[in-house]
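# A structural walkthrough
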Amino acid sequence: MTYAITQTCCNDATCVAVCPVNCIHPTPEERAFGSTEMLHIDPRACIDCGACADACPVDAIFPVDSLSAGQREYADINAAYYEGAEPLAAEVDGPNFHAWGEPVFERSLPSDFGPLRVAVVGTGPAGMYAAQDLLLHTAAEVTLIDRLPVAGGLVRYGVAPDHPATKKVGDTFSRFHSHPRVRMHLGIEVGRDVTAEELSAHHDAVVYAVGASTDRRLGVPGEETPGCLSATAFVAWYNAHPEAVAQGVDLSAERVVVVGNGNVALDVARILVADPEALAATDIAAHALDALRASRVREVVVLGRRGPGDAAYTRSELLALKHVPGVELVVDDHDPRTAAAIDAAGAGDRAGVLKGLGRVRTDAASPTGGERRIVLRFHSEVVEILGEGGGVHSVRVTDGGGDGDGGTADLSAGLLLRAIGYRGLPVPGLPFDDSSGTVPHEGGRVAGVPGSYVVGWIKRGPSGGIGANRTCAAETVGTLLADAVAGELPAPTGDAKAFRRLARQRNRRVVDARGLAAIDRAERDRGRRDGRPRVKLATVEELLATARSGRLLRLTR
C-alpha cells in the first residue's frame, strides 16, 4: 500500500524532509518546485512508512486504499507525475535507502553572534514562516505585529470554511505565539500607530509580511453598482473578518456571476451553492450562515476570459468541485473553442478534467428551481454591469463564435463577484512599485532601506499558496542574516521595553499573547456549544473585549 497527496497540498514540503526514501517530488531544491500545483508521491518507491502523513500540516496525505470515491483520482495524479521517469535505485553498499546529497547548513552563524531583535509585521503564513525560521535556527527575539487585534492573516480570513484541513497549518504557527522569545502587539498598524522609522529604531531588522489586501478592478461601465463586489470582500464576509460588513451581501437573486477562474473564484462559487447545513459544521461566520440558509441562489456562472486549458485554478481544486454534494458542475459551450479544447485535452491536462461534464447554454434568464449548479463559461468577458432599482440586474458578456466577434449576451444576475486577482498596497515609509503592487527588493532586502525586508505577496506578488511562503521566507531570512553577519544592519536606538511603551502610548487597546489566548478559548467554547470547531468573534469590539476580559481574569487569579 502506498500513500498519495490530495487536494489540500500546501507545498510546504515538510513531507519531503521526513521521507526516508526520497519519493516525494519536486523537492525545494528542484527547478519544478513552486511551479507545480502540488507535490507528488512516487508509488513505485513509497515504502508505506506514513512519515509524510504524520508530518503534513494540512492533512493532505492518505494511504491510497483509504481514499474516498472523490479522492481516488489523486492516486492517479501522483502516479502520472512519474510516468516515464526512472525509479529511484536503492543503495546496495550501505544502510540508507537512497543516496543523500551533502548536508547543507543554511543557518550556520558565527559562534559569537549575538541575538537579533526582529519585528515581523503581519501574522499570516508569510510572516509566521519567517518568525518560525528565526526562532528555530537563531537566538533572535521576535516582535509580532498585526493591524488586526487577532493573529492568523490568510489562514484565518482567506481559507474557505469548508477546507478545515488547510486551516490546520494555523496550529503549527500558533505554537510560536507564546514562545519565550516572542512579544506580540496585535492591533498596531504601521503608518497609523507607529512609523516604519520607529519600528526600525527599536529593532535590528523589520520583516514586512503585509500581503496583498485589495483586489484588481474590471474597468467596465457599471462597476460601482451596488451588488458588484470583490471576491476579497465576499471571502472576508463569510470568514468573519472584523472589517467586513455583517449584513452586506444580498443573496436574494437566483443567479450570481463570478468573474475569474482561479481557486478563489471556485471557492466563492462553491460556498454560494453549498448545503448550509454542511457549512454549519465549519467555522463560517454566523451572519454568513444565516444569509446562506435564506439564500435564493441556485446557479453560479464562473466567467473565464480565456479557454479551459488556460484557466488559473489548480486541477486539484477543480476535481474537488466535481464532488460537491447536491451541486451539478457543467460547462457552457456557447463558444465552439471550449468543446474543441476539452475534447482534445489529455488526461493530465487541466482541460481534461472537464471531460464527461454536461454541456449547456446559459440562458439569459435566471434558472428557476431544480438542482443547484455551477456553470464554467470560458472565452467570455464582462462588457458592462447593468443596474436597476439600486442594484445589479444583469451582466453583459461576450458571447462567442470562435472568431472572437460573436456579439454579446445579457445574463440576469443579482450579484457579481470579481475574482481577478489580489493587489498589494503601499507600506508607509517603504518604496512601492505601483505596476506590480509590490515593494522593490533584492532577495527580500528592501531597496534603499537598510534593515527592512519583505516576504510573501508584498514581496513576490499574489502568487503561490500557503506553503510557498516557506521557501520565500527562507530566502528573506537568509538575506537578513547575511546582512547581520556582514555588519550591514543599522544599530537600533531603543530596546524592546521602549517599543512596548511606545506601542501602548499610541494605542491603548493593544492585544498581547494572553489576550490572543483568551480570544481563542472564547471562540472554541462558543463552538463547542454549537457543535462547531469555533464560532469566530466578528467585530473589533468583540475581539478587544474578549482579549481584555481574559487578561483581567488571569490577573485576578
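Quick note: structure is the one above.
Attention now goes to the overall build of the chain. From N to C terminus, the chain includes 19 helices and 23 strands. Here the C-alpha atoms of the chain give a radius of gyration of 25 Å, agreeing with the 24 Å that 2.2 N^0.38 yields for 557 residues. Expressed as lengths along the three principal axes of its C-alpha atoms, the size of the chain is roughly 70 × 70 × 50 Å. Within the chain, the fraction of its 557 residues that count as buried is 52%. Here the contacts in the chain between residues at least 6 apart in sequence split such that 75% fall between residues at least 24 apart. Total accessible area on the chain is roughly 24,200 Å²; 51% of this is exposed by carbon and sulfur atoms. Distance from the positive charge centre (59 side chains) to the negative charge centre (71 side chains) of the chain: 8 Å.

Following histidine 25, the chain continues to proline 26 via a peptide bond in cis, the omega torsion being -5°. Along the polypeptide, proline 26 turns up in the loop between β2 (24–25) and β3 (40–41). One non-glycine residue with positive phi stands out, namely asparagine 22, at about 55°. Mapped onto the secondary structure, asparagine 22 falls in the loop between α1 (14–18) and β2. Asparagine 22 sits in the partly exposed class, given a relative accessible area of 22%.

Let us now look at the sheet that holds strand β11 (residues 255–259). An order of β10-β19-β11-β12-β15-β13-β14 is seen for the seven strands of this open sheet, with the pairing classed as parallel. If you trace the sheet from one side to the other, it starts and ends with β10 (228–230) and β14 (358–360), each paired once. Across the sheet, the mean angle from the axis of one strand to that of its neighbour is 25°, orientation sign disregarded. With five bridges connecting them, strand β12 (residues 299–303) and strand β15 (residues 372–377) associate as parallel partners. Bridged to glutamate 299 within β15 is arginine 373. In the packing of helix α9 (residues 231–238) onto the sheet, contacts are made with β10 and β19 (415–418), and the angle to β10 comes to roughly 75°.

Let's shift gears to the nonpolar core. With 121 residues, the main nonpolar core has Ile24, Tyr238 and Leu376 as its most contacted residues. Not counting residues up to four positions away in its chain, the partners in contact with leucine 376 are Leu266, Val302, Tyr313, Leu318, Leu329, Val330, Val331, Asp332 and Leu354. Counting residues in hydrophobic clusters, the runner-up holds 20 residues, among them Val190, Val427, Val454 and Val510.

For the rest of this paragraph, the subject is the packing of α9 against helix α10 (residues 263–273). Two elements in contact, α9 and α10, have axes separated by 11 Å at closest approach and are oriented at 50°. With respect to each other, α9 and α10 are oriented oblique. In this structure, α9 crosses over α10, and the sense of that crossing is left-handed. Within the contact between the two elements, α9 uses Ala231, Phe234, Val235 and Tyr238 and α10 uses Val264, Asp267, Val268, Ile271 and Leu272. Considered class by class, the residues forming the contact of α9 with α10 number eight nonpolar, no polar and one charged.

Under the counting rule described, the total for this entry stands at five aromatic pairs. Ring centres of tyrosine 81 and tyrosine 82 lie 5.2 Å apart, and the angle between their planes is 85°; on these two criteria the pair is classed as edge-to-face. For tyrosine 82, a relative accessible area of 7% puts it in the buried group. An aromatic cluster is built from Phe234, Trp237 and Tyr238, whose rings are joined through pairwise contacts.

Glancing now at helix α18 (residues 513–530). The end-to-end C-alpha distance of α18 is 26 Å, a good match for the 26 Å that 18 residues give at a rise of 1.5 Å each. Those residues of α18 that fall on the buried side of the exposure criterion are Gly515, Leu516, Ala518, Ile519, Glu523 and Gly527. In this structure aspartate 512 caps α18, since a side-chain oxygen of it lies 3.2 Å from the backbone nitrogen of arginine 514. In the segment just after α18, glycine 531 is the residue with positive phi, at about 70°.

This part is about the sheet that holds strand β16 (residues 382–388). Strands sit in the order β16-β17-β18 across an open sheet of three strands; the sheet is antiparallel. For this open sheet the edge positions go to β16 and β18 (408–412), each flanked by a neighbour on one side alone. This sheet shows a mean twist of 25° between the axes of neighbouring strands, independent of strand direction.

On to the pairing of strand β7 (residues 182–186), then. In terms of burial, β7 is a largely internal element, four of the five residues being buried. Where strand β6 (residues 141–146) meets β7, five bridges bridge the pair, whose relative direction is parallel. Opposite leucine 144, over in β7, you have methionine 184 as the bridge partner.

Applying the stated rule across the entire model yields 39 salt bridges. For the salt bridge of arginine 44 with aspartate 42, the shortest nitrogen-to-oxygen distance reads 3.0 Å. A relative accessible area of 41% means that arginine 44 is categorised as partly exposed. Salt bridges sharing common partners tie together Arg156, Asp520, Glu523, Arg524 and Arg534.

Our next topic: the side chain of arginine 156. With respect to the secondary-structure elements, arginine 156 resides in helix α5 (residues 154–157). Polar contacts involving the side chain of arginine 156 include one to the side chain of tyrosine 157, which spans 2.9 Å. Residue contacts for arginine 156: discarding those within four places in its chain leaves Val150, Ala151, Lys167, Asn239, Glu523, Arg534, Lys536, Leu537 and Leu543.

Below, the discussion takes up the side chain of threonine 479. For threonine 479, the location among the structural elements is in helix α16 (residues 468–485). With relative accessibility at 13%, the residue threonine 479 sits in the buried group.

What follows deals with the packing of helix α4 (residues 125–137) against α16. Contact geometry for α4 and α16: axes closest at 8 Å, N-to-C directions at 50°. Classified by the interaxial angle, the pair formed by α4 and α16 is oblique. The handedness of the crossing between α4 and α16 comes out as right-handed. Residues Pro125, Ala126, Tyr129, Ala130, Asp133 and Leu134 of α4 lie in contact with α16, whose contacting residues are Asn469, Arg470, Ala473, Ala474, Val477 and Leu481. Split into classes, the residues belonging to the contact of α4 with α16 amount to nine nonpolar, one polar and two charged.

Here is what the cut-offs are and how they apply
- Residues numbered from 1 in each chain as written.
- Predicted model: local features only at pLDDT ≥ 70, side-chain atom pairs only at ≥ 80, totals over all residues.
- Heavy atoms only, no water.
- Helix = DSSP H or I, 4+ residues; strand = E, 2+ residues; numbered from the N terminus.
- Rg over C-alpha atoms; globule rule 2.2 N^0.38 Å.
- Buried < 20%, exposed > 50% of the residue type's maximum accessible area, 1.4 Å probe, protein only.
- Contact = heavy atoms within 4.5 Å.
- Areas by Shrake-Rupley, 256 points an atom, 1.4 Å probe, with all protein chains shown as cover.
- Lys, Arg positive; Asp, Glu negative; His and termini not counted.
- Charge placed at Lys NZ, Arg CZ, Asp CG, Glu CD.
- Pairing = 2+ DSSP bridges.
- Axes fitted to C-alpha atoms, helices over the stretch in contact; angles between N-to-C directions.
- Core = buried A, V, L, I, M, F, W, Y, C linked by side-chain atoms within 4.5 Å.
- Parallel < 35°, antiparallel > 145°, perpendicular 65-115°, else oblique.
- Left-handed = near helix turned anticlockwise from the far one by under 90°.
- Nonpolar A, V, L, I, M, F, W, Y, C, P; charged D, E, K, R; others polar.
- Phe/Tyr/Trp six-rings, centres within 6.5 Å; stacked < 30°, edge-to-face > 60°.
- Expected span 1.5 Å × (residues − 1).
- Polar contact = N/O pair within 3.5 Å; in protein donor to acceptor, adjacent residues only side chain to side chain.
- Salt bridge = Lys/Arg side-chain N within 4 Å of Asp/Glu carboxyl O.

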